[in-house]
Amino acid sequence: MKYTFDAVVVGAGQAGPSLAVRLAGAGRKVGFVERKLFGGTCVNAGCTPTKAMVASAHAAHLARRAQDYGVKAGPVSIDLAAVMARKDAIVLKSRQGVEKWLRDTKNCTVFTGTAAFESAKTLRVGDDLLEAENIFLNVGARPSIPKMPGVDSAPFLTSTSILELKDLPRHLVVVGGGYVGLEFAQMFRRFGSEVTVVDRKPRLAMHEDEDASAAIREILEAEGIQIRVNACCIHLEQRAGEIAVGLECREGEPHVLGSHVLLAVGRTPNTHDLNLAAAGVKANESGYIEVDDELRTSAPGIYAIGDCNGRGAFTHTSYNDFEIVADNLLQGAKRRVSDRIPASALYIDPPLAHIGLSESEVRKQGKRVLVGMRPMTRIARAIEKGETYGFIKIFVDADTQQILGATVFGVGGDEAIHCILTAMYAKQPASLLTHSVHIHPTVAELIPTTLEDLKPLE
Ligand SMILES: Cc1cc2nc3c(=O)[nH]c(=O)nc-3n(C[C@H](O)[C@H](O)[C@H](O)COP(=O)(O)OP(=O)(O)OC[C@H]3O[C@@H](n4cnc5c(N)ncnc54)[C@H](O)[C@@H]3O)c2cc1C
């Protein structure tokens, strides 16, 4: 059957549903297509399930440390089925909420199936043809499977399939020391698995500053996680019921033997089966759709929002894409992706939150820069909570006093960093924060103190 809409939205990720509802609310006739799970990656295989499981892992960790707090908790054991059931209940509620929201929205017709272009204005979904002047692609990404030797014959887990494990791995080998790999590594170690993290790069979380990478390593090693970096030739082999992950590291054993392997080596955009060529939508060699600063693709009327445009890889960036497109289309605003300040958190425990420029980016700018640094061991709230790993680090332009970037790594860091982020969006000098009176005792109250003790970046 053929349908004509004002707009078609493809993908129920973090941008698509909000955009569809906003357009429908503005009186546009909207077609909405999702082929699998409403809520996309974040709700079903990303933020929501992992953070629910990180919370279970944190509870186990704290229970094991109970004596540190003068509490007798007895021996700690993990009921993986109960951990998974808790996670599933949270996920299901969220997924069903998104689907109901869309189906209950006036002016919005939901289709289930895979959408592919027939032309710049037409998409096919099974037997249906959906025609619209505006098409919005929020198709997201999936775990990348690298072409490493052995990957076709040895079993492995991805960030999606690991969420369905029924039994705890005896020894989980995590290939990839980025956000996703590190969160699973610490979580499964806290559940009781032996864990080794393998990465071909020289340090963990390479996108973070060197001091942050070193602190991450210290935290994970203190919990008994083995780290093998500089693994220059990673490959998989099945060996008598175990999986050998070949490393060829510069030092140490050339293999690590595990019961399970998690491949956490990045994401690939879901653009391969959209037939982009039929619409004249250009993508780069990695499959990311090329967009301008207002998220328009190379084809008039077609927009790409969320992870598939390569301009962000987070729920908040995808949601911000929705806001940019909706405000520009419906309110004649001039919002741009380049107005966005980079912001992200790595949810190991304690969390590592980073905004703005990194140290190497600050150095490249060649400006006169001041840096403030305070370890969590000198923050009362962290001491009282018994969680003193990490630090606060803030870079300030010496001439303009504008904040250039910051890391808050430590207990509550993912929340505390937002006062700095707001000052950056407001383009206010660091004195805005030094003159603010923060609540005691919090981690955030030491942000003004950190800024009162700035030193030239050497
Ligand atoms: C393990 C893990 C943990 C994460 N943790 C965090 C976190 O803590 N914080 C954070 O900000 N981000 C996190 N992320 C990233 C976050 O999940 C994504 O950035 C976010 O979901 C944005 O995705 P999106 O909106 O681009 O699309 P997605 O959420 O990926 O949704 C795309 C949707 O499009 C559908 N689709 C694809 N192709 C078609 C088609 N042709 N036809 C119809 N439907 C189609 C898919 O089925 C899917 O439902 C995590 C990711 C992973 C994997």
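Quick note: structure is the one above.
Let me sum up the structure you'll find in this document.

Let us now look at the overall build of the protein chain. Along the backbone of the protein chain there are 13 helices and 22 strands. Taking 458 residues into account, the globule formula puts the C-alpha radius of gyration at 23 Å, and the protein chain, at 24 Å, falls close to it. Across its three principal directions, the C-alpha atoms of the protein chain cover 65 × 65 × 45 Å. Of all 458 residues assigned to the protein chain, the portion counted as buried reaches 50%. At a minimum sequence separation of 6, the contacts of the protein chain that also span at least 24 residues come to 63%. Counting every atom, the protein chain has about 20800 Å² of accessible surface; 52% of that belongs to carbon and sulfur.

The next subject is the environment of H235. Tracing the backbone through its elements, the reader meets H235 in strand β11 (residues 235-239). Counting along the chain gives 11 residues from H235 to G246, while the straight-line C-alpha distance between them is 4.9 Å. If we skip the residues at most four places from it in the chain, H235 touches M148, P149, A244, V245, G246, L247 and H255. Among the polar contacts listed, one links the side chain of H235 to the backbone oxygen of C233, at a separation of 2.9 Å.

A word on the nonpolar core. In this structure, V8, F32, L102, F136 and L137 are the most contacted members of the largest nonpolar core, which totals 49 residues. With residues up to four places along the chain from it excluded, the contact list for F136 reads A7, V8, V9, V10, L19, L23, Y303, I305, V325 and L329. In terms of nonpolar packing, the next biggest core, distinct from the first, is built from 39 residues, A57, M84, V197 and A212 among them.

Another aspect to go through is empty space enclosed by the protein. A complete count under the given rule lists one cavity of 30 Å³ or more for this structure. Of the pockets and cavities examined, the largest cavity occupies roughly 40 Å³. Considering the residues around the largest cavity, the lining is formed by V54, A57, H58, E183, Q186, M187, R190, Y347 and D349. Contributions of two or more residues to the lining of the largest cavity are made by α3 (47-64) and α5 (179-191). Residue classes in the lining of the largest cavity are distributed as four nonpolar, two polar and three charged.

Attention shifts here to the state of the cysteines. A full pass over the atoms with the stated rule returns one disulfide. With its sulfur 2.5 Å from that of its partner, C42 forms a disulfide with C47. Between C42 and C47 the disulfide shows an S-S torsion of about -135 degrees. By sign, it is left-handed. Residue class for C42 comes out buried when judged on its relative accessible area of 11%. On the accessibility criterion, C47 (29% relative accessible area) is partly exposed. Of the cysteine sulfurs around C108, a residue in no disulfide, the closest is that of C308, at 18 Å. Judged by its relative accessible area of 9%, C108 is buried. No disulfide involves C308; its sulfur sits 16 Å from the nearest other cysteine sulfur, which is in C42. On the basis of relative accessibility, which here comes to 0%, the residue C308 falls in the buried class.

The N-to-C vectors of α3 and α5 enclose an angle of 45 degrees; their axes lie 9 Å apart at closest approach. Here α3 lies oblique to α5, going by the angle between them. Handedness of the crossing formed by α3 with α5: left-handed. Facing T50, K51, M53, V54, S56, A57, H58, A60, H61 and R64 of α3, the residues of α5 in contact are E183, F184, M187, F188, R190 and F191.

Below, the discussion takes up the packing of aromatic side chains. Taken as a whole and assessed by the stated rule, the structure comprises eight aromatic pairs. On the basis of an interplanar angle of 10 degrees and a centroid distance of 6.1 Å, the ring pair of Y3 and F5 is categorised as stacked. Using a relative accessible area of 24% as the deciding quantity, one classes Y3 as partly exposed. On the numbers, 6.0 Å between centres and 75 degrees between planes, the contact of F391 with F409 is edge-to-face. Highlighted residues: F391 in strand β20 (residues 391-397) and F409 in strand β21 (residues 403-409), separated in sequence by 18 residues. With respect to burial, F391 and F409 carry one shared label: buried. Clustering of aromatic rings is evident, with ring pairs tying together Y3, F5 and F111.

Attention shifts here to the layout of surface pockets. Of the voids in this model, the second largest pocket is the one considered here, and its volume is about 300 Å³. The wall of the second largest pocket is formed by 14 residues, among which D339, I341, M424, Y425 and K427 lie closest to the centre. Among the secondary structure elements, those contributing two or more residues to the lining of the second largest pocket are β21 and α11 (418-425). Residues of the lining of the second largest pocket, tallied by class, amount to six nonpolar, three polar and five charged.

Attention now moves to the pattern of salt bridges. Applying the stated criterion to the full structure yields 29 salt bridges. In this structure, E99 and R103 form a salt bridge, with 2.9 Å as the shortest nitrogen-oxygen distance. Placement of the pair is E99 and R103 together in helix α4 (residues 80-103), with a separation of four residues, close to one helical turn. On the basis of relative accessible area, E99 is assigned to the partly exposed category, the value being 25%. A relative accessible area of 42% means that R103 is categorised as partly exposed. If you follow the salt bridges from partner to partner, you end up with D209, D211, E359, R363 and K393 in one network.

Residue P350 is reached from D349 by a cis peptide bond, and omega for that bond is 0 degrees. Assignment of secondary structure puts P350 in the loop between β17 (343-346) and β18 (352-356). If you check the backbone angles, N107 has positive phi at about 75 degrees while not being a glycine. Within the secondary structure, N107 is located in the loop between α4 and β3 (108-112). Its relative accessible area of 32% is what places N107 among the partly exposed residues. At N230, a residue that is not glycine, the phi angle is positive and equals roughly 55 degrees. Structurally, N230 can be placed in the loop between β10 (226-228) and β11.

Parameters at a glance
- Residues numbered from 1 in each chain as written.
- Predicted model: local features only at pLDDT ≥ 70, side-chain atom pairs only at ≥ 80, totals over all residues.
- Heavy atoms only, no water.
- Helix = DSSP H or I, 4+ residues; strand = E, 2+ residues; numbered from the N terminus.
- Rg over C-alpha atoms; globule rule 2.2 N^0.38 Å.
- Buried < 20%, exposed > 50% of the residue type's maximum accessible area, 1.4 Å probe, protein only.
- Contact = heavy atoms within 4.5 Å.
- Areas by Shrake-Rupley, 256 points an atom, 1.4 Å probe, with all protein chains shown as cover.
- Polar contact = N/O pair within 3.5 Å; in protein donor to acceptor, adjacent residues only side chain to side chain.
- Core = buried A, V, L, I, M, F, W, Y, C linked by side-chain atoms within 4.5 Å.
- 1 Å grid on protein atoms, 1.4 Å probe; cavity = no way out; pocket = protein on both sides within 12 Å on 5 of 7 lines; lining within 4 Å.
- Points joined across faces, edges and corners; volume = space filled by probe spheres on them.
- Nonpolar A, V, L, I, M, F, W, Y, C, P; charged D, E, K, R; others polar.
- Disulfide = S-S within 2.5 Å.
- Axes fitted to C-alpha atoms, helices over the stretch in contact; angles between N-to-C directions.
- Parallel < 35°, antiparallel > 145°, perpendicular 65-115°, else oblique.
- Left-handed = near helix turned anticlockwise from the far one by under 90°.
- Phe/Tyr/Trp six-rings, centres within 6.5 Å; stacked < 30°, edge-to-face > 60°.
- Salt bridge = Lys/Arg side-chain N within 4 Å of Asp/Glu carboxyl O.

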